[in-house]
Amino acid sequence: RRQTEIKHGRIAMLATMGYITPELYGKFPGFLSPSLGIKFADVPLGLGAISKVPAAGWGQIIAYMAFCEVSSKQGPGTPG
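Since the structure is predicted, the reported quantities are computational estimates derived from the model, not experimental observations.

1. A few points about the overall build of the chain
Regarding its fold elements, the chain presents 2 helices and 2 strands. Ordered by position from the N terminus, the helices and strands of the chain form the series α-β-β-α. In the chain, 21% of the contacts between residues at least 6 apart in sequence involve partners at least 24 apart.

Below is the structure:
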């Protein structure tokens, strides 16, 4: 149970940094999706990004999250 709280806290910290960093330092140059003509600069911050990112992009994000979840040891005493 404690491991889950630590993991969720780390995810929340990363999400906060992911929201703040583009405001302070700008966004990546180039295209998020060259085939659809979507540039990184075209994607708004926050919840507005949900509708701008293509479905294939969300699929990649979810697949990576699943990989990270199943590929790590999650026993008691394992830093995580």
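2. What to know about helix α1 (residues 2-25)
Between the first and last C-alpha of α1 there are 34 Å, a value that for 24 residues agrees with the 34 Å anticipated at 1.5 Å per step. One or two positions beyond α1, positive phi appears at G26, with a value near 90 degrees.

3. Some thoughts on the packing of aromatic side chains
Here the structure, examined in full by the defined rule, presents 1 aromatic pair. Between F28 and F40 the ring centres are 5.7 Å apart and the planes differ by 65 degrees, which places this aromatic pair in the edge-to-face class. Separated by 12 residues along the polypeptide, F28 in the loop between α1 and β1 (31-33) and F40 in the loop between β2 (38-39) and α2 (55-70) bring together distant segments of the chain. On the accessibility criterion, F28 (64% relative accessible area) is exposed.

Criteria and cut-off values
Residues numbered from 1 in each chain as written. Predicted model: local features only at pLDDT ≥ 70, side-chain atom pairs only at ≥ 80, totals over all residues. Heavy atoms only, no water. Helix = DSSP H or I, 4+ residues; strand = E, 2+ residues; numbered from the N terminus. Contact = heavy atoms within 4.5 Å. Expected span 1.5 Å × (residues − 1). Phe/Tyr/Trp six-rings, centres within 6.5 Å; stacked < 30°, edge-to-face > 60°. Buried < 20%, exposed > 50% of the residue type's maximum accessible area, 1.4 Å probe, protein only.

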